[in-house]
Amino acid sequence: MDFDAIVVGSGITGGWAAKELTEAGLKVLMIERGREIRHQQDYATETKAPWELPFRGQGDAALYRREYPVQMLNRHFTEFTQGHFVNDAQNPYSTGADTDFTWFRSYQLGGRSLTWGRQSYRWSDYDFEANQRDGHGTDWPIRYADLAPWYDKVEDFIGVSGQAEGLAQLPDGRFQPGMALNVVERHTREAIRAKWPERCLTIGRTANLTQAKPDEGRGACQNRSICARGCSYGAYFSTQSSTLPAAMKTGRLTVITDAVVEALDYDPATRRVSGVRWIETKTRQRQVARSRIVFLNAGAFNSVHILLNSVSAAMPNGLANSSGVLGTHIMDHANTLSAMALMPGFEGHTTFGNRPTGAIIARYRNLETMDGVGHTRGFSFQGGALQSTWTAGKREAGIGADYKDKLRHPGMWKMVLVGFADCVPRATNRLTLDRRRTDANGLPLLKIDFAFGAEEHAALAQAKADAAEMLTAAGGTVIMGFDRPGAGGTAIHEMGGARMGHDPASSVLNRWSQAHDVANLFVTDGAQMSSSACQNPSLTYMALTARACAAAVSMLREGRI
Amino acid sequence: MTDATGWNRRDVLGAASLVALAFGLPLAAVEWSAVPAEDRPGPADRALLREVSQLVIPRTATPGAGDVGAGDFVLLALAHGLDASRRPPGAITPDLLPHLRPDGSLRHAAWLAAELDRRGGGRFMAAAPPRRAELLAALDAEAFAEGAGDNPWRTIKGLILTGYYTTEIGGSRELRYELVPGRYDPDLPATPQTVAFSSDWTAVDFG
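About the thresholds
- Residues numbered from 1 in each chain as written.
- Chains lettered and ligands numbered in written order.
- Predicted model: local features only at pLDDT ≥ 70, side-chain atom pairs only at ≥ 80, totals over all residues.
- Heavy atoms only, no water.
- UniProt positions renumbered as here; feature names shortened; annotations may be inferred.
- Pairing = 2+ DSSP bridges.
- Helix = DSSP H or I, 4+ residues; strand = E, 2+ residues; numbered from the N terminus.
- pLDDT = per-residue confidence, 0-100.
- Contact = heavy atoms within 4.5 Å.
- Buried < 20%, exposed > 50% of the residue type's maximum accessible area, 1.4 Å probe, protein only.
- Salt bridge = Lys/Arg side-chain N within 4 Å of Asp/Glu carboxyl O.
- Axes fitted to C-alpha atoms, helices over the stretch in contact; angles between N-to-C directions.
- Parallel < 35°, antiparallel > 145°, perpendicular 65-115°, else oblique.
- Nonpolar A, V, L, I, M, F, W, Y, C, P; charged D, E, K, R; others polar.
- Buried area = accessible area lost by both parts, 1.4 Å probe.
- Polar contact = N/O pair within 3.5 Å; in protein donor to acceptor, adjacent residues only side chain to side chain.

- Named according to an unreviewed UniProt entry, chain B is Gluconate 2-dehydrogenase subunit 3 family protein originating from Novosphingobium aerophilum.

- The name that an unreviewed UniProt entry assigns to chain A is GMC family oxidoreductase, with the source organism given as Novosphingobium aerophilum.
- Recorded under Sequence similarities (unreviewed entry), the UniProt text for chain A is reproduced unchanged: "Belongs to the GMC oxidoreductase family."
- The heading Cofactor (unreviewed entry) in the UniProt record of chain A holds the text "FAD".

**Quick look at the sheet that holds strand 17 (residues 444-449) of chain A**
Residue and element names in this part refer to chain A.
Here is step 1 of the chain: Read from one edge of the open sheet, 3 strands run 3-17-16, paired in mixed fashion. Strand pairing shows two members of the sheet lacking a second neighbour, strand 3 (94-95) and strand 16 (430-438), which therefore form its edges.
Here is step 2 of the chain: Of the pairings in the sheet, the one linking strand 16 to strand 17 comprises 6 bridges and is antiparallel in character. Pairing of D434 across the sheet is with L445, part of strand 17.

**A word on the confidence of the model for chain B**
All names here are of chain B.
Here is step 1 of the chain: Per-residue confidence for chain B gives a mean pLDDT of 88; residues scoring 70 or more make up 86%.
Here is step 2 of the chain: Counting interchain partners and residues more than four positions distant, the pLDDT-below-50 stretch residues 1-26 has 42 contacts.
Here is step 3 of the chain: Interface confidence in the predicted complex, given as ipTM, is 0.94; pTM for the same model is 0.95.

**Notes on the environment of W278(A)**
Here is step 1 of the chain: Tracing the chain through its elements places W278(A) in strand 9 (residues 272-280).
Here is step 2 of the chain: Classification of W278(A) as buried rests on a relative accessible area of 1%.

**Re the pattern of salt bridges**
All names here are of chain A.
Here is step 1 of the chain: This model, assessed by the stated rule, comprises 56 salt bridges over all chains.
Here is step 2 of the chain: Residue K19 is joined to E20 by a salt bridge in which the shortest nitrogen-to-oxygen separation is 2.8 Å.
Here is step 3 of the chain: Under the relative-accessibility criterion, E20 is labelled buried at 11%.
Here is step 4 of the chain: For E262, the salt bridge identified is with R286, shortest N-O distance 2.7 Å. With E262 in strand 8 (residues 259-267) and R286 in strand 10 (residues 286-296), the pair connects residues that are 24 residues apart, well separated along the chain.

**Some remarks on the packing of helix 2 (residues 43-56) of chain B against helix 6 (residues 152-165) of chain B**
Residue and element names in this part refer to chain B.
Here is step 1 of the chain: Here helix 2 crosses helix 6 at 75°, and the two axes come no closer than 10 Å. With respect to each other, helix 2 and helix 6 are oriented roughly perpendicular. From helix 2, L49, V52, S53 and V56 reach across to helix 6, where they touch W153, I156, K157, I160 and L161.
Here is step 2 of the chain: Residue classes in the contact of helix 2 with helix 6 are distributed as 7 nonpolar, 1 polar and 1 charged.

**Overview of the UniProt feature "domain: Glucose-methanol-choline oxidoreductase C-terminal" (unreviewed entry) in chain A**
Here is step 1 of the chain: Listed under "domain: Glucose-methanol-choline oxidoreductase C-terminal" (unreviewed entry) in the UniProt record, and renumbered for this structure, are residues 425-544 of chain A.
Here is step 2 of the chain: From the first C-alpha to the last, residues 425-544 of chain A spans 19 Å; its make-up is 22% helix and 18% strand.

**Looking at the sheet that holds strand 18 (residues 477-480) of chain A**
Residues and elements named next belong to chain A.
Here is step 1 of the chain: Reading across from one edge, 6-13-14-15-11-18 is the order of the 6 strands in this open sheet, with antiparallel pairing throughout. With one partner strand each, in any of the chains shown, strand 6 (201-203) and strand 18 form the two edges of the open sheet. For this sheet, the mean inter-axis angle between neighbouring strands, taken without regard to orientation, is 30°.
Here is step 2 of the chain: Across the sheet, helix 10 (residues 454-473) lies against strand 11 (334-342), strand 13 (359-361), strand 14 (379-387), strand 15 (413-421) and strand 18, angled at about 20° from strand 11, the strand it touches most.

**Section: the interface of chain B and chain A**
Here is step 1 of the chain: Across the boundary between the two partners, chain B contributes 65 residues, which contact 60 residues of chain A.
Here is step 2 of the chain: Summing both partners gives a buried area of about 5,500 Å² for chain B against chain A, and 60% of it is carried by carbon and sulfur.
Here is step 3 of the chain: Contact with chain A buries area across many residues of chain B, yet Y184(B), W201(B) and G207(B) alone supply 13% of it, more than any other trio.
Here is step 4 of the chain: Run the count over chain B and chain A and you get 4 salt bridges.
Here is step 5 of the chain: Residues R75(A) and D205(B) are paired through a salt bridge, measuring 3.3 Å at the closest nitrogen-oxygen approach.
Here is step 6 of the chain: Seen at the junction of chain B and chain A, the total is 33 residue pairs in polar contact (both at pLDDT 80 or more).

Structure follows, in structure tokens:
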């Protein structure tokens, strides 16, 4: 099989690579390790009610303990969505002795684009200059201006709803109308702004359409907030709803599912990837295909896994690893519940509908003034205000008719702020191959060594204090708050491992997401990230992918690769 | 017809089905074959959990938790370990000891039966209905008192609520259920009569 391009992975960035490359006229093969999931046809639980499932949406806890001990820790993992997450028992990974890392994964056509949180934020030069500024990691070889037009392109296509705020640290995008803050969030926004003008609470910028895109077969969000089941309206961005139909429309895309890529072949004579090898998981048959360029979009850690496993006489430490930094400097946002407060005074107010996004407070520390206590980067908050419902009864005394009547009505308003802190890139946080254990395909397991450091702990301590201060200023009564991060992976923003940089001696990729060592190899998922910022990274992955595709196509046309 | 487990259809549906039929509403029946044999409940367990569920959420204008089969759901949930109910108790008190499984987890239903019998000085199910309510209310008050430690009743009660509000009756008749709201209204007037939505998934998760 010969193609112009092979795209490994079909998630958020794989879908983008397939779309951009096919629309540029290339014949593309997309290889997905998981099963096929067809848009609108295979969202098996989308319209189910709790009473239509054996465990009422809670799931079989015994099964989960046995086969999904990691995935069950993801708050989006339920009986409704379990089919969109991996079986941990069948897909093991290793961790270092001191590592607590929950790796949340979705191996299927569409990958985690089916289950992602849809929060879509631009990074700013505070982020692209962060490594240069404080000396952690290596300097990004790009700046915001390099990416701005690609953010425009991505936002236009996927549909991001949000409110422009004019913040340098969180640049505005090409937004569809933002969803509405609820009554308590509006009050809190104003209370915070009155005391701290530099702190901005705004509606989450989310890849849920507030205006339909009928030409692309996508309807507006119905405010169900059950996105991870799959959305037949196509109202949130996923590979299935958006990029895959666009790529298929060209007639130049071939998709193979149930195929785990084990390695890339390298030709030392041409210094190019010469083939992509995979194992058909249903038959255990091995296959290979060739192409002029290869895009790795298997997800940050799995793309690194493939490179580490692609050893040859010429590259004994893994493909594109002459620097020796492949696998190092992995990151995930440190996050925790910074504050929860009761918000009295709104008993006469309620809402209707399930808004599929929350509110955020953009970063405000360590911008022009270095005002972080014990840390040099930023943190932001995601959360929102909500009313309690029947589950609050699990924490309350009472039985009988009065108790039942109390649970019949919306409960107390609460406001929640979850802190997300920038994760400093460290060489000791790294991925390696576990040479002692293999998976069902005979491939060495990926081993994760990871720990947060003093910077992340300091940032979350300050986030806790700030969150309490803000909610108190808004009239809230803080009832809890934490400053210790959850396990690594909790934010589901794992990234790095094949970082971008100026110098081939200290980075894997150049400014075009292209391997320094291998000209026809591009890595455009989270693996390419050189720092983590404190905002959600997927929009940036997509913009970098679209940019890399354009560069690759130019290089091909100019005969440079 | 009796199946290999010794349970027949009447056992599975029980008296709750009569109530459901009377209200013209569907009943959420439990599939007992999914329950390991050692955790499969007997008639006394099911009768107790039905009664206790009904005491927590009684019949008002809508059926109670016992009516809609919440007791059976609790037994299923306990067998599978929902709400961390198969996690060994944090503190082992003398009343728990006789009811621990080999893996250290608690047989909640057995504990509850013994605890209620102990409190009443005889068989709980033989007591008059007002006395049963009184005994359960006392247990509930102790379990949720400020500073109270772990108490298995908290887990059981939580599962009763899950077992009720995730049925069609609890979720869509007692509360409101809207799968496709179609819009978001950020500020509506609320009155003491406003009924909550069981389909407010964020509230269910974080409320």
